[in-house]
Amino acid sequence: MEKYKSISIQQKTPNSRVFYVYINNPSKLNAFPYEFFTEFPVAISSLDENPDVGVIVLSGAGDHFCAGIDLKILNDIAKHGLSSEKSRANEWLRREIKFLQVAFTAVERCRKPVIASIHGYCVGGGIDLVTACDIRFCTHDTIFTAKQIDVGFTADMGTLQRLPAIVGYGNAMEVALTARKFSGQEAKDMGLVSRVFESKQALDEGVMRVAEGIAAKSPIAAVGTKAVMLRSKDMTVDQGLDYIATWNAATVYSSGDLMEALNAMAQKRKPIFAKL
């Protein structure tokens, strides 16, 4: 498996279809270094295309999930903006922001389900990242904060676009404007995470159970569920129903997964699905 500087990839048990991606900068509380924005989307794309991968778990090495973007990146961007003619500097800055955004959008575009396993600090860009994930779990002592406004800029990598659909417009506006800290339990109460665990060990065990359970299901059905739910966010109910009718007609009902699942139920055995 390819080696990266800013992340590490692990398969906890042989033959498991669950792969773990760790943000690997623990000496800086897993702040995103510049290399992350090149390496991470490449790694996610590689896992997406790997037929041995059923589910991806995203976590942080060490004591924290992520402290956001490395401030050195922001400092370098600010200096570049002052070093050249204004219109050209502005055009470069727009391209640079779009480049950084690609890393997090890669999670949403990944066909395979992605679970965020959050502990310790989840700050700024960390929230950008987890809002692009499909499922989010955390420990009760996780500390969340959308810190960008305190650093003097408007969040520009997904929080303002994805968070309102997850926690509601009012909650998203409040945490984005105040940059206040909120706990794992409050994150659960507002809908940012779906489960809260008492310890990091309990979180790891709970995430593994859920991930392994999803990975054992039909990959055609799992990929379809993610794709249809993401697409349906921007559709009316009627449009969404028409889309899923077309999707299932083109994939599920013409695959062997449906018959395998029905046969397994009748024979009281676990189904065995082909890789995707």
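Please refer to the structure placed before this passage.
Analysis parameters
- Residues numbered from 1 in each chain as written.
- Predicted model: local features only at pLDDT ≥ 70, side-chain atom pairs only at ≥ 80, totals over all residues.
- Heavy atoms only, no water.
- Disulfide = S-S within 2.5 Å.
- 1 Å grid on protein atoms, 1.4 Å probe; cavity = no way out; pocket = protein on both sides within 12 Å on 5 of 7 lines; lining within 4 Å.
- Points joined across faces, edges and corners; volume = space filled by probe spheres on them.
- Helix = DSSP H or I, 4+ residues; strand = E, 2+ residues; numbered from the N terminus.
- Nonpolar A, V, L, I, M, F, W, Y, C, P; charged D, E, K, R; others polar.
- Buried < 20%, exposed > 50% of the residue type's maximum accessible area, 1.4 Å probe, protein only.
- Pairing = 2+ DSSP bridges.
- Axes fitted to C-alpha atoms, helices over the stretch in contact; angles between N-to-C directions.
- Parallel < 35°, antiparallel > 145°, perpendicular 65-115°, else oblique.
- Left-handed = near helix turned anticlockwise from the far one by under 90°.
- Contact = heavy atoms within 4.5 Å.
- Phe/Tyr/Trp six-rings, centres within 6.5 Å; stacked < 30°, edge-to-face > 60°.

Asker: Quick one: what's the story with the state of the cysteines, residue by residue and with numbers?
Answerer: All told, the structure shown has zero disulfides when counted by the stated rule. The closest cysteine sulfur to the non-disulfide-bonded Cys-133 is located on Cys-122, 9.4 Å from its own sulfur.

Asker: An account of the layout of surface pockets is requested, with residue identities and associated values reported.
Answerer: Estimated volume of the largest pocket: approximately 550 Å³. What lines the largest pocket is a set of 22 residues, among which Cys-133, Asp-134, Lys-226, Met-229 and Leu-230 lie closest to the centre. Sorting the residues of the lining of the largest pocket by element identifies strand S6 (135-139), helix H6 (159-167) and helix H10 (219-232) as the ones contributing at least two each. If one sorts the elements of the lining of the largest pocket by residue count, H10 sits on top with six residues. Here the lining of the largest pocket is composed, by residue class, of eleven nonpolar, four polar and seven charged. Counted as a void, the second largest pocket has a volume near 400 Å³. Every residue lining the second largest pocket is counted, 23 residues in all, and those nearest its centre are Ile-69, Leu-71, Leu-74, Val-151 and Phe-153. Among the secondary structure elements, those contributing two or more residues to the lining of the second largest pocket are helix H2 (71-82), helix H3 (86-109), helix H4 (125-131) and helix H5 (148-151). Looking at the lining of the second largest pocket element by element, the count peaks at four residues for H2. Each residue belonging to the lining of the second largest pocket can be placed in one class, and the counts come to 14 nonpolar, four polar and five charged.

Asker: Report on the pairing of strand S4 (residues 114-118), specifying residues and quantitative values.
Answerer: Summarising burial for S4: five of the five residues are buried, a large majority. Side chains Val-114, Ala-116 and Ile-118 project from S4 onto one buried face, and the interleaved Ile-115 and Ser-117 project onto a second face that is buried too. As judged from the three bridges shared by strand S3 (residues 55-60) and S4, these two strands associate in the parallel manner. Within S4, the position partnered with Leu-58 by the bridge is Ala-116. Pairing geometry for S4 and S6, over four bridges, is parallel. Bridged to Ala-116 within S6 is Arg-136.

Asker: Report on the sheet that holds strand S8 (residues 182-183), specifying residues and quantitative values.
Answerer: Reading across the sheet, the three strands line up as S5-S7-S8 and stay open at both edges, with mixed pairing between neighbours. Two strands close off the open sheet at either side, each with one partner strand: strand S5 (121-123) and S8. Looking at chain direction, strand S7 (residues 143-145) and S8 are connected through two bridges and run antiparallel. Each bridged residue has a counterpart across the sheet, and for Phe-144 the counterpart in S8 is Phe-182.

Asker: Any chance you could break down the packing of helix H1 (residues 36-49) against H3 for me, citing the residues and the numbers?
Answerer: Look at H1 against H3: their axes get within 8 Å of each other, and the N-to-C directions meet at 20°. With respect to their mutual orientation, H1 and H3 come out roughly parallel. Crossing geometry of H1 relative to H3 is assigned as left-handed. Across from Phe-36, Phe-37, Thr-38, Phe-40, Pro-41, Ile-44 and Asp-48 in H1, the residues of H3 making contact are Phe-99, Leu-100, Val-102, Ala-103, Phe-104, Ala-106, Val-107 and Arg-109. Partitioned by chemical class, the residues of the contact of H1 with H3 number twelve nonpolar, one polar and two charged.

Asker: Residues and numbers for the packing of aromatic side chains, please.
Answerer: Taken as a whole and judged by the stated rule, the model has twelve aromatic pairs. Summarising the aromatic geometry, the rings of Tyr-34 and Phe-99 are spaced 5.8 Å apart at their centres and angled 35° between planes, so their arrangement reads as tilted. Residue Tyr-34 is found in the loop between strand S2 (18-23) and H1, and its partner Phe-99 is found in helix H3; the two are separated by 65 residues along the sequence. A relative accessible area of 28% places Phe-99 in the partly exposed class. On the numbers, 5.4 Å between centres and 85° between planes, the contact of Phe-36 with Phe-37 is edge-to-face. Of the two residues, Phe-36 and Phe-37, neither departs from the other in class, the shared state being buried. Chaining the aromatic ring pairs together yields one cluster made of Phe-32, Phe-36, Phe-37, Phe-40 and Phe-104.

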